[in-house]
Amino acid sequence: MSSYVPSHAGVCVSDFDRAVRFYCDGLGFELAERFDLDSTQLPGLERGLEVDGPVQVVSQMIVNGPMKIELLFYPGRAPVGVPSTSRGLLGLTHLSFYVDDVDRAAVRLVEHGGTLIERTRADVGIPIVFLTDPDGTRVELMGQAPEA
């Protein structure tokens, strides 16, 4: 039987610096490995990325504790599509983080380019609120995890 070891989640972004500001300055991620890739030097890259070639991509890994995210930025090429707008839609719907104070953390993320999603503030045993990153990827903030 094969074992599966988690690696990372990928988020496509339209503005690299804006995404780094949100995820690193706002959410506390740190820059890790970076790969500047070009299909003229790596034949087949476009197939692996599922985009038409030729293509250039910046693959920037960011880490926060055990969570690793790959920011994918395509210089000179606008990304297409829209992120999930509800936890009721198929596929990846959001990234989630424990914080000490959801309201204070939400204000901080708005200051770093996020957008508060109105009417998502609730208390379901712990307080939660949803925002989006600068490109619309949903981010959930949850009150600090109960002690285990």
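Placed above this text is the structure.
Quick caveat: nothing in here was measured; it's all calculated off a predicted structure.

## Side note on the packing of helix 1 (residues 16-26) against helix 3 (residues 102-111)
For the pair helix 1 and helix 3, the least separation of the axes is 9 Å and the interaxial angle reads 150°. Between helix 1 and helix 3, the crossing angle belongs to the class labelled roughly antiparallel. For the crossing formed where helix 1 meets helix 3, the hand is right-handed. Each of Arg21, Phe22, Asp25 and Gly26 in helix 1 lies in contact with helix 3, whose residues at this interface are Arg108, Leu109 and Glu111. Its residues placed into classes, the contact of helix 1 with helix 3 shows two nonpolar, one polar and four charged.

## A few points about the nonpolar core
In terms of nonpolar packing, the biggest core is built from 26 residues, with Tyr23, Leu27, Phe29, Ile69, Leu71 and Leu141 touching the most fellow members. Breaking this core down by element, the ones donating at least two residues are strand 1 (9-13), helix 1, strand 3 (56-64), strand 4 (67-73), strand 5 (95-99), helix 3, strand 8 (127-132) and strand 9 (138-143). Among the elements that line this core, the one with the most residues is helix 1, at six residues. Not counting chain neighbours up to four residues away, the residues in contact with leucine 27 comprise Phe22, Asn64, Phe97, Leu109 and Val139. If you look at the next biggest cluster of nonpolar residues, it comprises six residues, including Leu45, Leu49, Val57 and Tyr74.

## Focus: the environment of glycine 53
Residue placement: glycine 53 occurs in the loop between helix 2 (45-49) and strand 3. Considered as a pair, glycine 53 and aspartate 38 are 15 residues apart in the sequence and their alpha carbons are 9.5 Å apart.

Parameters at a glance
- Residues numbered from 1 in each chain as written.
- Predicted model: local features only at pLDDT ≥ 70, side-chain atom pairs only at ≥ 80, totals over all residues.
- Heavy atoms only, no water.
- Axes fitted to C-alpha atoms, helices over the stretch in contact; angles between N-to-C directions.
- Helix = DSSP H or I, 4+ residues; strand = E, 2+ residues; numbered from the N terminus.
- Parallel < 35°, antiparallel > 145°, perpendicular 65-115°, else oblique.
- Left-handed = near helix turned anticlockwise from the far one by under 90°.
- Contact = heavy atoms within 4.5 Å.
- Nonpolar A, V, L, I, M, F, W, Y, C, P; charged D, E, K, R; others polar.
- Core = buried A, V, L, I, M, F, W, Y, C linked by side-chain atoms within 4.5 Å.
- Buried < 20%, exposed > 50% of the residue type's maximum accessible area, 1.4 Å probe, protein only.

Function-wise, these values are silent; they only describe arrangement.
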